[in-house]
Amino acid sequence: MPVKGQNRTFLLDAKRLPRHVAVIMDGNGRWARKRGLPRMEGHREGMNSVRSIIRKCGELGISYLTLYAFSTENWKRPGREVRFLMQLLIQYLKKELTELDRQGVRIAMLGSRERVPTEVLGSIDQALAQTKNNRGLKLNLAFNYGGRREVLDAVEVFLKKRPRPVLSESSFASCLYTAGLPDPDLLIRTSGEMRISNFLLWQLAYAEIVVSPVLWPDFRERELLRCLREFQKRERRFGGVKSVHA
Ligand code: IPE
Ligand code: IPE
Ligand code: MG
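In what follows, the accompanying structure is described. (Residues numbered from 1 in each chain as written. Chains lettered and ligands numbered in written order. Predicted model: local features only at pLDDT ≥ 70, side-chain atom pairs only at ≥ 80, totals over all residues. Heavy atoms only, no water.)

## Description of the environment of Leu93
Next up, step 1: Within the fold, Leu93 resides in helix 3 (residues 79–102).
Next up, step 2: Residue classification places Leu93 among the buried residues on the basis of a relative accessible area of 3%.
Next up, step 3: For the pair Leu93 and Trp75, spaced 18 residues apart in sequence, the C-alpha separation works out to 21 Å.
Next up, step 4: With residues near it in sequence (within four places) discarded, Leu93 still touches Ile107, Ser123, Ile124, Ala127 and Leu141. (Helix = DSSP H or I, 4+ residues; strand = E, 2+ residues; numbered from the N terminus. Buried < 20%, exposed > 50% of the residue type's maximum accessible area, 1.4 Å probe, protein only. Contact = heavy atoms within 4.5 Å.)

Written out as structure tokens, the structure is:
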């Protein structure tokens, strides 16, 4: 399937697209610093990348997109930046919800509600309610998300279940924030950093990892398509052997 990038045609195999793409959106601060701007401007510009990546994933027919927007460790940042990021989510949902709804996007939140201001939770809840019957791209916002925290929360959920299920990978996975979602096939991290930063520790077990050197505010359709092509070059084995030698 030829898919047009901004100024180049990429050949993507429509039958081998990842079902679930997860993205660590990183590099906003560096993007701003390079331009002599405050970090906040990088976060602001990053929202334009969020818009374009959501739209493109929907157009391509990708089923699930999970965006890492705020980690449980990001509370360590200066209060001013934390407050800005909280407000940015509110503004983003206010501005984009109608369009996301029109595109058929169904929004979900992955993360802990602890410490998140009520106003932010309110706008997330409204977005969830408004889009809950949509049939298009399933967009998971990982907000106040930490992989270790998720595992601990899941243990609590598991222990409260009556009758207590038999412990297995699937009974445990059904207690995670991602219950019912397939594991990501592709993890993209922008800005060149080669680490997971506490993202989806359980779910990334067999994800293909593509690290893009592009800073998140510059990460648009063209670079997404490049990452998808890179994914299609990979041979996934899941611990088995290459299929031709099987
Ligand atoms: C990613 O950009 C956005 C969040 C983590 C919220 P950063 O703010 O981490 O940008 P860098 O890594 O400092 O460039
Ligand atoms: C990961 O980026 C978290 C998000 C993208 C929300 P960070 O910038 O917080 O990660 P580290 O600190 O570089 O590992
Ligand atoms: Mg960073």
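## Topic: the state of the cysteines
Next up, step 1: A complete count under the given rule lists zero disulfides for this structure.
Next up, step 2: Considering cysteine sulfurs only, Cys57 is the nearest to Cys227, which forms no disulfide, with 10 Å between them.
Next up, step 3: A residue is classified by how much of its surface remains accessible, and Cys227, at 0% relative accessible area, is buried. (Disulfide = S-S within 2.5 Å.)

## What about the site of ligand 2?
Next up, step 1: Near ligand 2, the surroundings consist of Ile24, Met25, Asp26, Tyr68, Ala69, Phe70, Ser71, Asn74, Arg77, Arg189, Arg195 and Ser197.
Next up, step 2: The separation between an oxygen atom of ligand 2 and a polar side-chain atom of Asp26 is 3.2 Å.
Next up, step 3: Between ligand 2 and the protein, one listed contact pairs an oxygen atom with a side-chain N or O atom of Ser197 at 2.6 Å.
Next up, step 4: Calculation on ligand 2 without its partners gives an accessible area of 390 Å², and the protein chains cover 78% of this total.
Next up, step 5: Here the shell around ligand 2 takes four residues from strand 4 (residues 64–71), the largest share from any one element. (Near = heavy atom within 4 Å. Polar contact = N/O pair within 3.5 Å; in protein donor to acceptor, adjacent residues only side chain to side chain. Areas by Shrake-Rupley, 256 points an atom, 1.4 Å probe, with all protein chains shown as cover.)

Any functional reading would require information that these geometric values do not contain.
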